[in-house]
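Below, each chain spelled out in residue letters.
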Amino acid sequence: MITLHHCVSARSFRPLWLLEELGLPYTLKMWPFPPRVQARDYLALNPLGTVPLLEVDGARLTESAACCQFLAARFSPGVLDVAPDEAAFGAYLNWLHRSDATLTFPQTLVLRYSHFEPPERQQPQVVEDYRRWFGARLRAAEAALQEADTLCAGRFTAADVSVGYALMLAELIGLSSLFGPHVAAYWQRLQARPAYQRALQAQRDAALAQGVSEQPATA
(Lines give C-alpha, C1' and ligand atoms only; values in the text may rest on other atoms or scores of the structure.)
Protein backbone atom coordinates (compact mmCIF):
# COMPACT_ATOMS: atom_id res chain seq x y z
CA MET A 1 0.00 0.00 0.00
CA ILE A 2 1.53 3.30 -1.15
CA THR A 3 -0.11 6.69 -0.65
CA LEU A 4 1.47 9.96 -1.72
CA HIS A 5 0.12 13.28 -0.45
CA HIS A 6 0.88 15.89 -3.08
CA CYS A 7 0.35 19.48 -4.22
CA VAL A 8 0.60 20.29 -7.92
CA SER A 9 4.25 20.72 -8.95
CA ALA A 10 5.46 21.00 -5.35
CA ARG A 11 8.48 19.05 -4.06
CA SER A 12 6.21 16.03 -3.73
CA PHE A 13 6.53 15.78 -7.51
CA ARG A 14 9.87 14.05 -6.84
CA PRO A 15 8.37 10.86 -5.36
CA LEU A 16 5.43 11.04 -7.79
CA TRP A 17 7.80 10.96 -10.75
CA LEU A 18 9.82 8.16 -9.17
CA LEU A 19 6.68 6.10 -8.54
CA GLU A 20 5.94 6.37 -12.24
CA GLU A 21 9.50 5.35 -13.11
CA LEU A 22 9.06 2.31 -10.87
CA GLY A 23 5.67 1.40 -12.31
CA LEU A 24 4.22 0.86 -8.84
CA PRO A 25 0.52 1.13 -7.96
CA TYR A 26 -0.17 4.03 -5.62
CA THR A 27 -2.90 6.33 -4.36
CA LEU A 28 -2.39 10.01 -5.05
CA LYS A 29 -4.05 12.34 -2.55
CA MET A 30 -4.11 15.94 -3.72
CA TRP A 31 -4.11 18.95 -1.40
CA PRO A 32 -4.48 22.68 -2.07
CA PHE A 33 -1.26 24.63 -1.59
CA PRO A 34 -0.13 25.26 1.04
CA PRO A 35 -2.08 22.57 2.90
CA ARG A 36 -1.12 23.90 6.33
CA VAL A 37 -3.16 27.02 5.47
CA GLN A 38 -5.68 25.80 2.90
CA ALA A 39 -6.51 22.38 4.40
CA ARG A 40 -6.00 22.39 8.15
CA ASP A 41 -7.18 18.77 8.42
CA TYR A 42 -3.90 17.79 6.78
CA LEU A 43 -2.04 18.72 9.96
CA ALA A 44 -3.49 15.62 11.61
CA LEU A 45 -1.60 13.56 9.02
CA ASN A 46 1.58 15.63 8.91
CA PRO A 47 2.01 18.19 11.69
CA LEU A 48 4.63 19.98 9.56
CA GLY A 49 1.88 20.84 7.11
CA THR A 50 4.21 20.20 4.17
CA VAL A 51 4.21 17.86 1.21
CA PRO A 52 5.25 15.24 0.46
CA LEU A 53 3.90 12.78 2.92
CA LEU A 54 4.71 9.33 1.56
CA GLU A 55 3.12 6.35 3.31
CA VAL A 56 4.50 2.92 2.43
CA ASP A 57 3.53 -0.12 4.52
CA GLY A 58 3.62 1.83 7.77
CA ALA A 59 6.66 3.97 6.91
CA ARG A 60 5.99 7.72 6.75
CA LEU A 61 8.43 10.05 5.01
CA THR A 62 8.16 13.82 4.66
CA GLU A 63 11.42 14.80 2.92
CA SER A 64 11.26 14.61 -0.86
CA ALA A 65 14.85 13.43 -1.43
CA ALA A 66 14.47 10.84 1.33
CA CYS A 67 11.29 9.60 -0.35
CA CYS A 68 13.26 9.07 -3.56
CA GLN A 69 16.08 7.29 -1.77
CA PHE A 70 13.62 5.05 0.08
CA LEU A 71 11.60 4.11 -3.00
CA ALA A 72 14.65 3.39 -5.13
CA ALA A 73 16.34 1.28 -2.45
CA ARG A 74 13.16 -0.60 -1.60
CA PHE A 75 11.81 -1.26 -5.06
CA SER A 76 14.68 -0.85 -7.54
CA PRO A 77 18.00 -1.95 -6.00
CA GLY A 78 20.89 -1.67 -8.42
CA VAL A 79 18.79 0.09 -11.04
CA LEU A 80 17.29 3.40 -9.88
CA ASP A 81 19.19 2.92 -6.63
CA VAL A 82 22.99 2.83 -6.28
CA ALA A 83 24.29 0.22 -3.87
CA PRO A 84 26.86 0.94 -1.13
CA ASP A 85 29.43 -1.31 -2.83
CA GLU A 86 29.24 0.63 -6.12
CA ALA A 87 31.94 3.20 -6.80
CA ALA A 88 29.31 5.86 -7.47
CA PHE A 89 27.48 5.39 -4.15
CA GLY A 90 28.92 8.55 -2.60
CA ALA A 91 28.21 10.65 -5.68
CA TYR A 92 24.67 9.26 -5.79
CA LEU A 93 23.92 10.24 -2.20
CA ASN A 94 25.52 13.62 -2.71
CA TRP A 95 23.38 14.41 -5.75
CA LEU A 96 20.24 13.14 -4.04
CA HIS A 97 20.64 15.46 -1.10
CA ARG A 98 22.20 18.33 -3.02
CA SER A 99 19.02 18.40 -5.10
CA ASP A 100 17.01 19.80 -2.21
CA ALA A 101 19.43 21.21 0.35
CA THR A 102 21.55 23.07 -2.22
CA LEU A 103 19.40 23.55 -5.34
CA THR A 104 15.82 23.85 -4.16
CA PHE A 105 16.68 25.87 -1.04
CA PRO A 106 17.66 29.11 -2.86
CA GLN A 107 14.71 28.70 -5.20
CA THR A 108 12.27 28.75 -2.29
CA LEU A 109 13.70 32.08 -1.15
CA VAL A 110 13.41 33.51 -4.65
CA LEU A 111 9.81 32.34 -4.78
CA ARG A 112 8.90 33.59 -1.32
CA TYR A 113 10.36 37.07 -1.63
CA SER A 114 9.27 37.67 -5.21
CA HIS A 115 5.78 36.22 -5.06
CA PHE A 116 4.36 34.78 -1.87
CA GLU A 117 5.07 37.72 0.43
CA PRO A 118 2.79 40.78 0.19
CA PRO A 119 4.29 43.69 -1.78
CA GLU A 120 5.53 45.52 1.30
CA ARG A 121 7.52 42.47 2.41
CA GLN A 122 9.04 41.53 -0.94
CA GLN A 123 12.83 41.73 -1.04
CA PRO A 124 14.33 42.29 -4.52
CA GLN A 125 17.90 42.07 -3.19
CA VAL A 126 17.20 38.70 -1.54
CA VAL A 127 15.65 37.49 -4.79
CA GLU A 128 18.70 38.54 -6.80
CA ASP A 129 21.18 37.12 -4.28
CA TYR A 130 19.54 33.71 -4.18
CA ARG A 131 18.97 33.69 -7.91
CA ARG A 132 22.75 34.00 -8.29
CA TRP A 133 23.27 31.39 -5.56
CA PHE A 134 21.16 28.91 -7.51
CA GLY A 135 23.04 29.63 -10.73
CA ALA A 136 26.38 29.13 -9.00
CA ARG A 137 25.29 25.82 -7.49
CA LEU A 138 24.24 24.57 -10.92
CA ARG A 139 27.84 24.67 -12.09
CA ALA A 140 28.54 21.28 -10.52
CA ALA A 141 25.75 19.74 -12.56
CA GLU A 142 26.98 21.44 -15.73
CA ALA A 143 30.43 19.95 -15.13
CA ALA A 144 29.08 16.47 -14.35
CA LEU A 145 27.00 16.44 -17.53
CA GLN A 146 29.75 17.48 -19.92
CA GLU A 147 30.63 13.89 -20.76
CA ALA A 148 27.63 11.95 -19.43
CA ASP A 149 23.88 11.84 -20.02
CA THR A 150 23.11 11.33 -16.32
CA LEU A 151 24.60 12.55 -13.06
CA CYS A 152 26.23 9.39 -11.71
CA ALA A 153 26.69 5.63 -11.95
CA GLY A 154 26.50 5.64 -15.76
CA ARG A 155 22.71 5.27 -15.67
CA PHE A 156 19.49 7.06 -14.82
CA THR A 157 18.87 6.93 -11.05
CA ALA A 158 16.70 8.48 -8.36
CA ALA A 159 19.31 11.25 -8.17
CA ASP A 160 18.31 12.35 -11.67
CA VAL A 161 14.66 12.48 -10.62
CA SER A 162 15.49 14.52 -7.55
CA VAL A 163 17.74 17.00 -9.37
CA GLY A 164 15.29 17.00 -12.28
CA TYR A 165 12.61 18.44 -10.03
CA ALA A 166 14.92 21.33 -9.13
CA LEU A 167 15.19 22.08 -12.86
CA MET A 168 11.42 21.81 -13.23
CA LEU A 169 10.96 24.31 -10.42
CA ALA A 170 13.56 26.61 -11.97
CA GLU A 171 11.58 26.68 -15.18
CA LEU A 172 8.33 27.36 -13.33
CA ILE A 173 9.77 30.37 -11.48
CA GLY A 174 11.80 31.87 -14.30
CA LEU A 175 15.33 30.68 -13.48
CA SER A 176 15.93 28.41 -16.46
CA SER A 177 17.98 31.14 -18.15
CA LEU A 178 20.71 30.15 -15.68
CA PHE A 179 21.03 26.66 -17.18
CA GLY A 180 24.29 25.97 -18.97
CA PRO A 181 24.11 24.11 -22.30
CA HIS A 182 24.67 20.66 -20.76
CA VAL A 183 22.10 21.21 -18.02
CA ALA A 184 19.61 22.53 -20.57
CA ALA A 185 20.09 19.47 -22.78
CA TYR A 186 19.80 17.19 -19.75
CA TRP A 187 16.54 18.85 -18.75
CA GLN A 188 15.15 18.28 -22.24
CA ARG A 189 16.06 14.58 -21.98
CA LEU A 190 14.39 14.28 -18.58
CA GLN A 191 11.17 15.88 -19.81
CA ALA A 192 11.04 13.40 -22.69
CA ARG A 193 10.96 10.42 -20.33
CA PRO A 194 7.56 8.66 -20.44
CA ALA A 195 7.44 8.41 -16.64
CA TYR A 196 7.87 12.19 -16.31
CA GLN A 197 5.00 12.71 -18.73
CA ARG A 198 2.86 10.19 -16.85
CA ALA A 199 3.55 11.98 -13.57
CA LEU A 200 2.40 15.28 -15.05
CA GLN A 201 -0.77 13.61 -16.30
CA ALA A 202 -1.35 11.84 -12.98
CA GLN A 203 -1.31 15.09 -11.03
CA ARG A 204 -3.59 16.79 -13.54
CA ASP A 205 -6.09 13.93 -13.48
CA ALA A 206 -6.03 13.63 -9.69
CA ALA A 207 -6.41 17.37 -9.17
CA LEU A 208 -9.41 17.45 -11.47
CA ALA A 209 -11.00 14.39 -9.86
CA GLN A 210 -10.45 15.69 -6.33
CA GLY A 211 -11.50 19.28 -6.92
CA VAL A 212 -8.07 20.81 -6.40
CA SER A 213 -6.69 23.62 -8.55
CA GLU A 214 -4.36 22.51 -11.32
CA GLN A 215 -2.33 25.71 -10.81
CA PRO A 216 1.28 24.89 -9.80
CA ALA A 217 2.17 25.44 -6.17
CA THR A 218 4.62 28.08 -7.40
CA ALA A 219 1.84 30.30 -8.74
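Residues numbered from 1 in each chain as written. Predicted model: local features only at pLDDT ≥ 70, side-chain atom pairs only at ≥ 80, totals over all residues. Heavy atoms only, no water.

### Describing the pairing of strand 3 (residues 53–56)
No. 1: Summarising the sheet, strand 1 (residues 2–6) and strand 3 pair through four bridges and their orientation is antiparallel. Bridge pairing in strand 3 links L4 to L54.
No. 2: As paired strands, strand 3 and strand 4 (residues 59–61) are joined by three bridges and run antiparallel to one another. Across the sheet, E55 pairs through a bridge with R60, a residue of strand 4. (Pairing = 2+ DSSP bridges. Helix = DSSP H or I, 4+ residues; strand = E, 2+ residues; numbered from the N terminus.)

### Some points on the layout of surface pockets
No. 1: The computed volume of the largest pocket comes to approximately 680 Å³.
No. 2: Contributing to the lining of the largest pocket are 26 residues, with R11, F33, R36, T50 and T108 lying nearest its centre.
No. 3: Taken together, the elements giving at least two residues each to the lining of the largest pocket come down to helix 2 (35–38), helix 4 (89–116) and helix 7 (158–172).
No. 4: Here the lining of the largest pocket gets seven residues from one element, more than from any other, and that element is helix 4.
No. 5: Of the residues assigned to the lining of the largest pocket, the class counts are 13 nonpolar, eight polar and five charged. (1 Å grid on protein atoms, 1.4 Å probe; cavity = no way out; pocket = protein on both sides within 12 Å on 5 of 7 lines; lining within 4 Å. Points joined across faces, edges and corners; volume = space filled by probe spheres on them. Nonpolar A, V, L, I, M, F, W, Y, C, P; charged D, E, K, R; others polar.)

### A word on the sheet that holds strand 1
Where strands meet in a sheet, backbone hydrogen bonds hold them as pairs that are either parallel or antiparallel.
No. 1: Read across the sheet, four strands follow the order 2-1-3-4 without closing on themselves; strand pairing throughout is mixed. Among the strands making up the open sheet, the edge pair consists of strand 2 (27–30) and strand 4. Taking each pair of neighbouring strands and ignoring which way they run, the sheet shows an average axis angle of 15 degrees.
No. 2: Sheet topology places strand 1 next to strand 2; four bridges connect them, and they run parallel. Looking at strand 2, one finds that L4 is bridged to L28.
No. 3: In the packing of helix 1 (residues 13–22) onto the sheet, contacts are made with strand 1 and strand 2, and the angle to strand 1 comes to roughly 145 degrees.
No. 4: Across the face of the sheet, helix 9 (residues 194–209) comes into contact with strand 1 and strand 2 while running at roughly 60 degrees to strand 2. (Axes fitted to C-alpha atoms, helices over the stretch in contact; angles between N-to-C directions. Contact = heavy atoms within 4.5 Å.)

### Some words on the side chain of S64
No. 1: You can see S64 is positioned in helix 3 (residues 64–75).
No. 2: There is a polar contact of 3.0 Å between the side chain of S64 and the side chain of R14.
No. 3: Aside from chain neighbours lying at most four places away, what touches S64 is R11, R14, P15, P52 and D100. (Polar contact = N/O pair within 3.5 Å; in protein donor to acceptor, adjacent residues only side chain to side chain.)

### As for the nonpolar core
No. 1: Counting 63 residues, the largest nonpolar core has F13, W17, L18, Y92 and F179 as its most contacted members.
No. 2: Residue contributions to this core peak at 10 residues, all from helix 7.
No. 3: Beyond its immediate sequence surroundings of up to four residues, W17 is in contact with F156, D160, V161, G164, Y165, L190, A195, Y196 and A199.
No. 4: If you look at the next biggest cluster of nonpolar residues, it comprises eight residues, including C7, A10, L53 and A217. (Core = buried A, V, L, I, M, F, W, Y, C linked by side-chain atoms within 4.5 Å. Buried < 20%, exposed > 50% of the residue type's maximum accessible area, 1.4 Å probe, protein only.)

### Focus on the environment of V82
No. 1: Inspection of the secondary structure puts V82 in the loop between helix 3 and helix 4.
No. 2: With 55 residues separating them in the primary sequence, V82 and R137 have C-alpha atoms 23 Å apart.

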